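What follows is each chain in one-letter form.
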Amino acid sequence: MKYIVVTGGVMSGLGKGITTASIGRLLKNRGYSVSAIKIDPYINVDAGTMSPYQHGEVFVLGDGGEVDLDLGNYERFLDVELTREHNITTGKVYQSVIAKERRGDYLGKTVQIIPHITDEIKSQIRQVAKRSGAEVCLIEIGGTVGDIESMPFLEAIRQMKMEERKEDMLLVHVTLVPTDAQGEQKTKPTQHSVKELRELGLHADLIVARCHQPLKEETKKKIALFCNVPQKAVISAVDVDDVYRVPSVLEQEGMFDCLRTLLGLKPRDVKDTSWDGVIAELDALKSNGRLKQPRIAIVGKYTHFVDTYISIREAIKHAAMACKCVPHLSWIEAESLENGDVDVLRGYDGILVPGGFGSRGTEGKIRAIQYAREHDIPYLGLCLGMQLAVVEFARNVVGWKDAASSEWGESAHPVIDLLPEQKNAEGLGGTMRLGNYEIEIAEGTLAHRIYGTKKIVERHRHRYEVNPKYIPILREKGIVFSGWHHNRMELMELPQNRFFIASQFHPEFRSRPGKPAPMFRAFLEAML
Ligand code: GLN
């Protein structure tokens, strides 16, 4: 097993996740099998309970793991299916060490950060890497070098570097090279953060410098000298218009050659050229100014924060690349529609209501859905976006003015409710239904036309369901439930509209560049 560890210095938000994913993609393009682990030094056991305001989207894996959004980047760049073990947190590590201590596994020893916590970290990394079956495993350490929280992880990496063969483990450090008012590229922040690594006993083998303009030769020379790496191991990661171009940027900077030398990789005959297709699709969108530009209104709750809906943005992008159009996304705060004029939605070619929790903003979303239904604007609802479409229909078509979801309290018509099996489950208000489930699709429906098959698998993250009690009457009044898993409704559509479909699952989590999620693709096609 070969390991590539990616750390970050200077500040957060430098694109460490994209750099990690891109390094993986470079190796995959050359025919190596790659996996990736994200280490998050926070104490939460997983990202499931974390606010989207602080950490951005909670990404959901096939096995139901609720993980950091970087795993979404790895899955999209590497086109792999990861599992929850690929996100290691301080919480997980301590949970396991404390469980062992309670079982008496440590035979009376004093349990300490070194060696017990660090041993646990190394063992989790090695196990996950081994189980993935990949040849190269990337390990991204969240946070910035110097944070108290990441110390045990960096110490574990230091130990691993001693234990592994030299050519089996290398460290990539991502830093920032700002430009001052005189246009000079400043290397001091990089020097300092590499020094900080050195104090922890770690040596950066490659330095990836985020910069607005490619690093000048003198800048590279200076970094090489002060940071103790060959000049060719200093890589400029210049800003690009799309994250999917980062692998090519790194490649042009000689990243792969460095990796090959340092890791002793033998050249492969088989190459994976699928990424060329992705880049060709991006280029085609750029070079053609005459493409259609559909306008999509996304009515959500965390709209001012870019990372909250990252998988939805990416899924729209993948679909747009396939449909050859340039969508314009408008993020509309649901609450602004509550008392305000819904007529702001006039002129949009499509309306999308994403997933969400709690009652805040739901009335605004319901008004947006009503607008889409009544004005026959293509509508795509995701999870909460399906539940609210059912509520809207129950209120305004069936006539139950108080129809609601039990998530927001009592109502005489709880058309969205907890199923008994969910109600009786452990935890806050019933455990969440998470991850992959198989869905049966009814023939002759829009869903069947979209997927072209009778069985699909998609990822889930919800507690509430369409209340089985109301299904017959909702059907009678015109809702088509076109997909289900046993007694759980997974898809609803309104056949009298041109395109009105919503799913209880989250199709955005399985969308990949070059393999757009069928629901998103069909949504864009309907708009075009
Ligand atoms: N809050 C709803 C539920 O728990 C919808 C969840 C979601 O949109 N992800 O069922």
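An account of the accompanying structure is given in this report. Model, not experiment: these values are computed from the prediction. (Residues numbered from 1 in each chain as written. Predicted model: local features only at pLDDT ≥ 70, side-chain atom pairs only at ≥ 80, totals over all residues. Heavy atoms only, no water.)

Let us now look at the site of the ligand. Taken together, Gly355, Gly356, Phe357, Cys383, Leu384, Gln387, Glu407, Arg461, His462, Arg463, Tyr464 and His506 make up the full set of residues near the ligand. A distance of 2.7 Å is found between a nitrogen atom of the ligand and a side-chain nitrogen or oxygen belonging to Glu407. One of the backbone nitrogen or oxygen atoms of Tyr464 is found 2.8 Å away from an oxygen atom of the ligand. Most atoms of the ligand, that is more than half of them, are within 2 Å of grid points of the largest cavity. Sorting the residues of the shell around the ligand by element identifies α15 (384-398) and β17 (455-462) as the ones contributing at least two each. Along the lines of polarity and charge, the residues of the shell around the ligand split into 4 nonpolar, 5 polar and 3 charged. (Near = heavy atom within 4 Å. Polar contact = N/O pair within 3.5 Å; in protein donor to acceptor, adjacent residues only side chain to side chain. 1 Å grid on protein atoms, 1.4 Å probe; cavity = no way out; pocket = protein on both sides within 12 Å on 5 of 7 lines; lining within 4 Å. Sits in = over half its atoms within 2 Å of the grid points. Helix = DSSP H or I, 4+ residues; strand = E, 2+ residues; numbered from the N terminus. Nonpolar A, V, L, I, M, F, W, Y, C, P; charged D, E, K, R; others polar.)

All right, on to a nonpolar patch on the surface then. On the surface, a cluster of nonpolar side chains totalling about 350 Å² of accessible area is made up of Tyr94, Ile98, Ile113 and Ile114. On the secondary structure map, Ile114 appears in helix α5 (residues 113-132). On the basis of relative accessibility, which here comes to 49%, the residue Ile114 falls in the partly exposed class. (Patch = residues over 30% accessible without salt bridge, like charges linked within 9 Å, V, L, I, M, F, W, Y side chains within 5 Å. Areas by Shrake-Rupley, 256 points an atom, 1.4 Å probe, with all protein chains shown as cover. Salt bridge = Lys/Arg side-chain N within 4 Å of Asp/Glu carboxyl O. Buried < 20%, exposed > 50% of the residue type's maximum accessible area, 1.4 Å probe, protein only.)

Turning next to the environment of Asp147. Tracing the backbone shows Asp147 in the loop between β6 (136-141) and α6 (151-163). In this structure Asp147 comes out as partly exposed when scored by relative accessible area, which is 29%. In sequence terms Asp147 and Leu491 are 344 residues apart; their C-alpha atoms lie 45 Å from each other. A polar atom in the side chain of Asp147 sits 2.8 Å from the backbone nitrogen of Thr144.

Within the largest apolar cluster, 86 residues are counted, with the highest numbers of intra-cluster contacts made by Ile4, Ile23, Leu27, Ile125, Leu206 and Met255. Leaving out residues up to four positions away in the same chain, Ile125 has contacts with Tyr3, Ile37, Ile39, Ile88, Ile139, Ile157 and Met160. The next biggest cluster of nonpolar side chains, apart from the first, holds 43 residues, and it includes Ala334, Ala368, Phe393 and Trp400. (Core = buried A, V, L, I, M, F, W, Y, C linked by side-chain atoms within 4.5 Å. Contact = heavy atoms within 4.5 Å.)

The interhelical angle for the contact between helix α4 (residues 90-103) and α5, taken along N-to-C directions, is 115 degrees, at an axis separation of 10 Å. As α4 runs across α5, the sense of the crossing is right-handed. Here Lys92, Val93, Tyr94, Ser96, Val97 and Lys100 of α4 lie close against α5, whose contacting residues are Ile113, His116, Ile117, Glu120, Ile121 and Gln124. Residue classes in the contact of α4 with α5 are distributed as 6 nonpolar, 3 polar and 3 charged. (Axes fitted to C-alpha atoms, helices over the stretch in contact; angles between N-to-C directions. Left-handed = near helix turned anticlockwise from the far one by under 90°.)

Let us look at the packing of aromatic side chains. A full pass over the atoms with the stated rule returns 8 aromatic pairs. A network of ring pairs unites the aromatic residues Phe77, Tyr244 and Trp275 as a single cluster. Just above the ring of Tyr437 sits the side chain of Arg433; from NZ or CZ to the centre is 4.2 Å. (Phe/Tyr/Trp six-rings, centres within 6.5 Å; stacked < 30°, edge-to-face > 60°. Lys NZ or Arg CZ within 6 Å of the ring centre and 35° of its normal.)

Spatial relationships are all this shows, so hold off on functional conclusions.
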